[in-house]
Amino acid sequence: MFEKGRIGVHQFTILTILFTIGSAILIAPSGLAYDAKQDAWIAAILGLLAGLLLVILYLALGQRFPQQTLVKYCEELMGKWVGKAVGLLYFCFFFILAALVLRNLGDFISTQVLVDTPLQFTHIFFLAIVILGIRNGLETFTRTSEIFLPWVLLFFFLMFILLPTQMKANNILPIFGYGFKPIVRASLPLIGTPYLELVVFLMILPFVNQTQKLGKAFLAGVCIGGSLIVIISLLSILVLGDDLTSVQMYPSFSLARRISIGSFLERLEVVMAGIWFITIYFKLTLCLYASAVALGEIFKLNEIRQLYIPLGMTLVVLSVVAYPNVAYFIKFASKIWLFYSGTFGLVIPLLLLGLAMIRKKTGSH
């Protein structure tokens, strides 16, 4: 096993919170409001419930193979060659996910923060920090997450107490005004991002100290992260209204712009951007780490540190060519990504769980 470090259950919870918030916190409210209108927050709750069911599936699978990664037991359950092929597909999934997350960040910086900065430079600088963090192993960057989580939660709390003056309760009325169908339709892309992507953690579970609390830690982390997405969706509707939320690319960024206490506490959107950089950093790091571990398992490498720089260089190119413009990305994220991530996040794990149960019944090894 090329990963010598071990992380605690508490640290694992922090990683799941940051991963779940990830890129969804800035982008999700817009897509939810587009379909569900003023019921966007209900769609976010529905997405969270589906996410918790997916976590139960991943736990059922991961706890059958506590010392093995997803790629490893693909090989064990499906046979050497089919298992390796599926493992390679998982590598592609994690790597493409990393490219899309990096591009989300690049688009945000080049449209909202550093408008004239070329996309490639933003990607290279951010990836350099990711690779520096990841080279020392899972344990090191997980400890870093413990330092950053309080800051993420502090800003959410600040937003929650500073925005009430801007809220209009009428914005969320009538509840269920368009029926249940638009709410379900709006929740589907949210299930695709971030909940189906939590399958990444099946590459991390073997490196977590195995205790009875592991299942609760995973569920708690996703629950806290998902609740923050629900809160930010609700705040977006209460402050901006569903019309404005649905047309904004980054509604929560616009939300932070609205904070104004007297004339001294203003322009807090930069802090919102900082919080988003933190959550997206950990999501990207986990995706890149899972990609490297998957390759290491498939090709039976003794060391994976040498993979980070070539993978990072490839990632810069892939993130730029992944989609030509933002309109293409919105269509891809809302119409296609659910089916793509559903294959890796639901269909294959269900198949693996079925195979594991059959093998247990027949008693074969």
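Residues numbered from 1 in each chain as written. Predicted model: local features only at pLDDT ≥ 70, side-chain atom pairs only at ≥ 80, totals over all residues. Heavy atoms only, no water.

**Some details on a nonpolar patch on the surface**
Taken together, the side chains of I147, F148, W151, L154, F157, L158, F160, I161 and I231 make up a nonpolar region of the molecular surface, amounting to roughly 870 Å² of accessible area. Broken down by element, the residue count for the nonpolar patch peaks at eight residues, all from helix α7 (residues 138–162). Locating I231 in the fold gives a position in helix α9 (residues 214–247). (Patch = residues over 30% accessible without salt bridge, like charges linked within 9 Å, V, L, I, M, F, W, Y side chains within 5 Å. Areas by Shrake-Rupley, 256 points an atom, 1.4 Å probe, with all protein chains shown as cover. Salt bridge = Lys/Arg side-chain N within 4 Å of Asp/Glu carboxyl O. Helix = DSSP H or I, 4+ residues; strand = E, 2+ residues; numbered from the N terminus.)

**As for the pattern of salt bridges**
Within the structure shown, the criterion is met by nine salt bridges. We note a salt bridge from R185 to D35, for which the minimum N-O separation is 3.5 Å. Here the residue R185 occupies a position in helix α8 (residues 181–195), and D35 occupies one in helix α2 (residues 24–36), the gap between them amounting to 150 residues. Using a relative accessible area of 41% as the deciding quantity, one classes R185 as partly exposed. Between E76 and R359 there is a salt bridge whose closest N-O contact spans 3.0 Å. Separated by 283 residues along the polypeptide, E76 in helix α4 (residues 70–78) and R359 in helix α13 (residues 326–362) bring together distant segments of the chain. (Buried < 20%, exposed > 50% of the residue type's maximum accessible area, 1.4 Å probe, protein only.)

**With respect to the side chain of T20**
Within the fold, T20 resides in helix α1 (residues 9–21). From its side chain, T20 meets the backbone oxygen of T16 in a polar contact 2.6 Å long. Residue contacts for T20: discarding those within four places in its chain leaves P194, Y195, L198, G221, V222, G225, G226 and I229. (Polar contact = N/O pair within 3.5 Å; in protein donor to acceptor, adjacent residues only side chain to side chain. Contact = heavy atoms within 4.5 Å.)

**Quick look at the packing of α1 against helix α11 (residues 269–298)**
In the contact formed by α1 and α11, the axes pass within 8 Å of each other and the chain directions differ by 105°. The angle between α1 and α11 falls in the class roughly perpendicular. The segment α1 lies against α11, with L15, L18, F19 and I21 engaging T279, F282, K283, L286 and C287. When the residues that make up the contact of α1 with α11 are grouped by side-chain class, the tally is seven nonpolar, one polar and one charged. (Axes fitted to C-alpha atoms, helices over the stretch in contact; angles between N-to-C directions. Parallel < 35°, antiparallel > 145°, perpendicular 65-115°, else oblique. Nonpolar A, V, L, I, M, F, W, Y, C, P; charged D, E, K, R; others polar.)

**Regarding the side chain of T122**
The residue T122 is located in helix α6 (residues 119–134) in this model. Here T122 is in contact with G106, I109 and T117, once residues within four sequence places are set aside.

**Brief notes about the packing of aromatic side chains**
One pass over the structure, following the stated rule, counts 27 aromatic pairs. With centroids separated by 5.8 Å and ring planes inclined at 35°, the aromatic side chains of Y90 and F94 adopt a geometry described as tilted. One end of the pair is Y90 and the other is F94, both in helix α5 (residues 80–113) and four residues apart, which spans about a single turn. With respect to class, Y90 is no different from F94; both count as buried. Members of the aromatic cluster, joined through ring pairs, are Y90, F93, F94, F332, W337, Y340 and F344. Over the face of the ring belonging to Y34 we find K37, whose NZ or CZ atom lies 5.9 Å from the ring centre. (Phe/Tyr/Trp six-rings, centres within 6.5 Å; stacked < 30°, edge-to-face > 60°. Lys NZ or Arg CZ within 6 Å of the ring centre and 35° of its normal.)

**Structural notes on the nonpolar core**
Ranked by internal contacts, the top residues of the largest apolar core, which has 136 residues, are L70 and Y289. For this core, the element with the highest residue contribution is α11, accounting for 19 residues. The contacts of Y289, once residues within four sequence positions are left out, are E3, I134, L138, F141, I204, F207, I304 and Y308. (Core = buried A, V, L, I, M, F, W, Y, C linked by side-chain atoms within 4.5 Å.)

**Here's the deal with unusual backbone geometry**
Cis geometry marks the peptide bond from L173 to P174, where omega comes out at -5°. The residue P174 is located in the loop between α7 and α8 in this model. Geometrically, the link from T193 to P194 is a cis peptide bond, its omega value of 15° lying close to zero. Along the polypeptide, P194 turns up in helix α8. Phi is positive for K300, which is not a glycine, with a value near 50°. Assignment of secondary structure puts K300 in the loop between α11 and α12 (308–321). Its relative accessible area of 52% is what places K300 among the exposed residues.

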